[in-house]
Amino acid sequence: MARLVVVSNRVPQPRQRLPQAGGLAVVLADAVKSGSLWFGWSGKCAPATATAATLQEAGGVTYATIDLGETDHRLFYTGFGNGALWPMLLFRLGLINFRPEEYAGYRAVNRAYARALAPLLQPDDLIWVHDYLLIPLAEELRALGVDNRIGFFLHTPFVPPAILSALPRAAELLGSLCAYDVVGFQTRGYLAAFKDCVTQVLNVEVPNIQSPNGQADETVCFSHGGRRVRAIVDPVGIDADAFSRVAQRAVGSPETRRLAASLDGRALAIGVDRLDYAKGLPNRVEAFGRLFEQHPEHRRQVSFLQVAAPSREDIGDYQSLRRQLDRLVGDVNGRYSDADWTPLRYMTRPLGRRTLAGFYRLARVGVVTPLRDGMNLVAKEFIAAQDPLDPGVLILSRFAGAADDMAGALIVNPFDADEVAEAMHAALSMREEERKARHEALHAQVRRTTANRFCEVFLAQLQRTPRHGGIGHPAFAAAAM
Ligand code: ADQ
């Protein structure tokens with residue numbers, strides 16, 4: 001069995017016994033077995049970017065990290081990565097701030113990662129690269145002569161050609177993606193968008209492969225730059241059974257009991273997100289206010305808890321989002337609060353995984369209304385955490401990847417405050433029978449598309465790629481389809 005090398009910008013702390021809630025570490029827990037290597041940024045900035053990785057070992061896994069120079073980090077992460085590429089992938093063209101020097105810095109950091117990683121590689125290693133910050137990594141590794149099998153998974157959405165083309169140098173990035181042997185997407189829609197971009201932006205012919213049930217493609221294969229690329233659909237999931245157990249135990253925890261007592265018999269609605277403009281928090285707060293306008297019977301009967309973990313705080317758009325939310329939450333609370341009831345509780349800090357699980361289980365409504373989201377794991381966690389005998393109701397944005405296979409949720413357009421308010425009303429008024437039926441279907445789905453399955457599907461695809469991915473290689477013909 002080949003060694004697995006995972007590459008992600010952030011690497012879990014080796015000494016942390018329980019990984020951070022929801023991070024990549026949780027998703028990859030089963031795949032990163034003893035003997036694997038995990039490579040990425042140390043999380044620290046130094047005067048200059050390191051040229052060699054520092055190695056640490058824990059539980060048989062080697063963690064190899066490098067410090068980034070302060071300027072490199074700014075250009076790569078705050079600059080091109082999150083100031084141009086992220087808004088483009090999240091369909092927010094107005095927020096794209098493209099600067100050529102930042103793009104150069106983004107590519108330079110990918111080159112530095114490649115140079116530090118290459119000496120650690122063994123010939124048969126399977127390399128699995130994660131997310132939008134590392135799109136050019138395979139191309140940089142190939143330039144150093146690395147011909148291992150390299151796969152890439154995009155956790156964000158993928159966009160249609162009209163959106164992609166708005167970002168300067170996007171065609172170059174699309175070409176960089178073709179240096180991978182396998183490229184994975186969360187949904188069929190993103191794969192179809194990728195196929196359209198390859199066809200229209202790179203002028204490459206991509207043959208149709210009809211899936212057996214006649215649905216949209218789950219795999220496309222094409223050749224570009226002398227290599228064969230296989231693009232696949234592989235939705236990210238959670239370890240649903242483990243999360244259910246954590247939630248069951250957490251109901252007795254002091255934090256959950258305190259929250260339950262503070263509700264004083266009222267229903268709880270909950271939202272849990274990174275503080276990111278893609279998560280639709282201002283629209284959600286507005287919709288909650290609209291609920292009290294349109295259905296005054298819910299006043300004093302429900303409390304909404306929004307947990308928002310600060311993220312990318314050194315970027316201006318994130319600072320203004322925070323200010324906007326402070327004001328909006330104040331508006332709704334000012335308008336509807338009573339001396340002994342506050343409609344909106346708003347916390348800007350992360351919560352532990354167990355506390356979160358207990359809070360989800362207590363909630364009658366889970367509100368997951370991003371404007372765009374690659375998948376959204378909170379939707380899946382909320383479902384896994386419910387008591388099947390008295391479950392809460394999920395309200396889910398149609399623009400989250402999760403909506404593709406979570407039809408049992410109340411699916412909404414997050415831009416339509418009235419529609420979201422109506423869904424909140426429907427969820428709060430829903431009879432037990434319907435809540436149970438919806439939960440049963442959703443729970444079965446969340447248990448099917450687990451984190452473990454996500455890893456198995458991706459690695460099986462990568463494994464079946466011939467080692468020398470070049471088209472001329474004789475192994476290619478056998479493995480091409
Ligand atoms: P994110 O955009 O970070 O991830 P998401 O899928 O919602 O989004 O995952 C967030 C995780 O962090 C969840 O496990 C959640 O429990 C946890 N979390 C969020 N806020 C928290 C808080 N305040 N306290 C504690 N924990 C919190 C990216 C993509 C998503 C995709 C994932 C996985 O943007 O679309 O689903 O990767 O592929």
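Note that this is a predicted model, so its numbers are computed, not measured.

### A closer look at the pairing of strand S13 (residues 365-368)
Link 1 in the chain: Because side chains alternate across S13, one face comprises the buried residues Val365 and Val367, and the other comprises Gly366 and Val368, equally buried.
Link 2 in the chain: In terms of strand pairing, S13 meets strand S14 (residues 393-397) through 4 bridges, oriented parallel. Across the sheet, the residue bridging to Val368 is Leu396, located in S14.
Link 3 in the chain: Handedness of the crossover joining S13 and S14 through helix H13 (residues 377-385) is recorded here as right-handed.

### Focus: the domain arrangement of the chain
Link 1 in the chain: Once the domains are mapped, the chain shows domain 1 (4-237 + 452-470) and domain 2 (240-448).
Link 2 in the chain: Domain 1 puts 25 residues into the contact, and the matching count from domain 2 is 21 residues.
Link 3 in the chain: Both sides together, the interface formed by domain 1 and domain 2 hides about 1,800 Å², and carbon and sulfur atoms give 61% of it.
Link 4 in the chain: Summed over the shared surface of domain 1 and domain 2, the result is 0 salt bridges.
Link 5 in the chain: There are 8 residue pairs in polar contact (both at pLDDT 80 or more) connecting domain 1 and domain 2.
Link 6 in the chain: Sorting the residues of the side of domain 1 that touches domain 2 by element identifies helix H1 (24-27), helix H2 (70-89) and helix H7 (188-201) as the ones contributing at least two each.

### Notes on the nonpolar core
When a protein is soluble and globular, its nonpolar side chains tend to lie buried together.
Link 1 in the chain: Counting residues in each nonpolar core, the largest one holds 103 residues, and the members touching the most others are Leu85, Tyr113 and Phe158.
Link 2 in the chain: Ranked by residues supplied to this core, first place goes to H2 with 8 residues.
Link 3 in the chain: Residue assignment places this core across two domains, with domain 1 (4-237 + 452-470) and domain 2 (240-448) each supplying three or more.
Link 4 in the chain: With residues up to four places along the chain from it excluded, the contact list for Leu85 reads Phe80, Tyr106, Tyr132, Ile135, Leu167 and Leu173.
Link 5 in the chain: Counting residues in hydrophobic clusters, the runner-up holds 62 residues, among them Leu4, Leu263, Tyr360 and Val368.

### Re the environment of Pro161
Link 1 in the chain: Within the secondary structure layout, Pro161 lies in helix H5 (residues 161-164).
Link 2 in the chain: Residue class for Pro161 comes out buried when judged on its relative accessible area of 11%.
Link 3 in the chain: Setting aside residues up to four positions removed in sequence, Pro161 forms contacts with Asp196, Cys197, Gln200 and Val201.

### So, the site of the ligand
Link 1 in the chain: As a matter of local geometry, the ligand sits amid 24 residues, with His155, Leu351, Asp373, Leu377 and Glu381 nearest to it.
Link 2 in the chain: Note that an oxygen atom of the ligand is positioned 2.6 Å from one of the side-chain N or O atoms of His155.
Link 3 in the chain: Between a nitrogen atom of the ligand and a main-chain N or O atom of Ala309, the distance comes to 3.4 Å.
Link 4 in the chain: Computed on the free molecule, the ligand has an accessible area of 710 Å², of which 89% lies beneath the protein chains in the complex.
Link 5 in the chain: Secondary structure elements with two or more residues in the shell around the ligand: strand S10 (267-274), strand S11 (302-309), helix H12 (353-362) and H13.

Scoring rules and cut-offs
Residues numbered from 1 in each chain as written. Predicted model: local features only at pLDDT ≥ 70, side-chain atom pairs only at ≥ 80, totals over all residues. Heavy atoms only, no water. Buried < 20%, exposed > 50% of the residue type's maximum accessible area, 1.4 Å probe, protein only. Helix = DSSP H or I, 4+ residues; strand = E, 2+ residues; numbered from the N terminus. Pairing = 2+ DSSP bridges. Right-handed = clockwise from strand over helix to strand, strands pointing away. Domains from an automatic or database assignment. Contact = heavy atoms within 4.5 Å. Buried area = accessible area lost by both parts, 1.4 Å probe. Salt bridge = Lys/Arg side-chain N within 4 Å of Asp/Glu carboxyl O. Polar contact = N/O pair within 3.5 Å; in protein donor to acceptor, adjacent residues only side chain to side chain. Core = buried A, V, L, I, M, F, W, Y, C linked by side-chain atoms within 4.5 Å. Near = heavy atom within 4 Å. Areas by Shrake-Rupley, 256 points an atom, 1.4 Å probe, with all protein chains shown as cover.

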